Amino acid sequence: MNRTPLTKALSDTERTRLRRMREKGRTDRAVLDEVLAAGFLCHVGVMVDGHPMVVPTVYGADGHHLYFHGSVASRSLVAAPGTTVCVTVTHVDGLVLARSVFEHGVNYRCAMVYGTPRPVTDPEEKLAGLRLLTEQAAPGQWDYARRPSRKELAATALLALSLEEASVKMREGGPDDGDGPDAELDVWAGVLPVTTRFGTPVPDEALREGIALPEHLASPRT
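Owing to the predicted nature of the structure, the values given are computational and were not obtained by experimental measurement.

1. Considerations on helix α1 (residues 29–37)
For α1, the full list of buried residues reads R29, V31, L32, V35 and L36. Seen along its axis, α1 keeps its buried residues to an arc of 155°; they face one direction. In α1, the exposed positions angled more than 90 degrees off the buried face are occupied by E34 and A37. Two or three places before A30, at the start of α1, stands the capping residue D28, its side-chain oxygen 2.9 Å from that residue's backbone nitrogen.

2. Focus: the confidence of the model for the protein
On average, residues of the protein carry a pLDDT of 88, and 89% of them reach 70 or more. Across the protein, the element-wise mean pLDDT spans from 60 in helix α2 (residues 75–79) up to 97 in strand β10 (residues 190–193).

3. Focus: the nonpolar core
One finds L32, L36, Y59, L66, F68, V87 and V168 to be the most contacted residues of the largest nonpolar core, which totals 24 residues. For this core, the elements supplying multiple residues, two or more each, are α1, β2 (41–48), β3 (51–61), β4 (65–71), β5 (85–97), β6 (105–115), β8 (156–162) and β9 (165–171). Once you skip the residues sitting within four places of it in the chain, L66 turns out to touch L36, Y59, G60, A61, V87, L159, A160, L161 and L163. L133, W142, L153 and L158 belong to the second largest nonpolar core, which has eight residues in total.

4. So, helix α3 (residues 123–137)
Compared with an ideal rise of 1.5 Å per residue, which puts 15 residues at 21 Å, α3 spans 21 Å between its outermost C-alpha atoms and is within 8% of the ideal. Turning to α3, its buried residues number three or more, namely E125, K126, G129, L130, L133 and Q136. Burial along α3 is one-sided: seen end-on, the buried residues are contained in an arc of 135°. Residues of α3 that are exposed and point more than 90 degrees away from the buried face comprise P123 and E124.

5. Thoughts on the pairing of β2
Burial along β2 is one-sided: C42, V44, V46 and V48 are buried, while L41, H43, G45 and M47, pointing the other way, are not. The pairing of β2 with β3 spans eight bridges and is antiparallel. Bridge pairing in β3 links C42 to T57. Connecting the antiparallel pair β2 and β3 is a turn made up of two residues, with D49 showing a positive phi of about 55°. As judged from the three bridges shared by β2 and β5, these two strands associate in the antiparallel manner. Among the inter-strand pairings, V44 is bridged to a residue of β5, identified as V87.

Cut-offs applied
Residues numbered from 1 in each chain as written. Predicted model: local features only at pLDDT ≥ 70, side-chain atom pairs only at ≥ 80, totals over all residues. Heavy atoms only, no water. Buried < 20%, exposed > 50% of the residue type's maximum accessible area, 1.4 Å probe, protein only. Helix = DSSP H or I, 4+ residues; strand = E, 2+ residues; numbered from the N terminus. Arc of directions from axis to C-beta. Polar contact = N/O pair within 3.5 Å; in protein donor to acceptor, adjacent residues only side chain to side chain. pLDDT = per-residue confidence, 0-100. Core = buried A, V, L, I, M, F, W, Y, C linked by side-chain atoms within 4.5 Å. Contact = heavy atoms within 4.5 Å. Expected span 1.5 Å × (residues − 1). Pairing = 2+ DSSP bridges.

Right under this line is the structure:
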């Protein structure tokens, strides 16, 4: 498994270079790691049979690679190896409500990763990658639930995408029209925060009596 140290600064390529609103770009690789660590759902953009396809899937990131998976029968994943893909992860942090509709916006954090996915065939790396994405979605679940069987592993396609070529774009703060003519309007302006949280766990109807909710799921999560 390639563990070549990545530079602290994000790559500056034709695909990652920001051409609009460059002030919203972030070049520190630590910011990319933070954006990826904050979620577990990504969208994979890939060409299939000459047509673009964007597929949502879960992922896990370890600072060097982004791992994502699905069924070996998935057309998008079968086509991905050897093909350049664009993987995006986006978090919406708030609606920016200005005094005019034109100045409305969104506070967000977005990462885009480009590259050619590598099929993971090594059994140890495959298990490590699946553990990574499982733990990113539900920390503690990998050691709690049954591990994948050989048959299940064979039916699962796991791809690894290097984080070498990536970009991050963010917006934060309030409206931009507070010092313009519209500031005199009797219109409320500000930010409506958007948060994502887990609700109260709902047990499976077929769950046998006496099986308690595990601590890693019972603890408050944001």
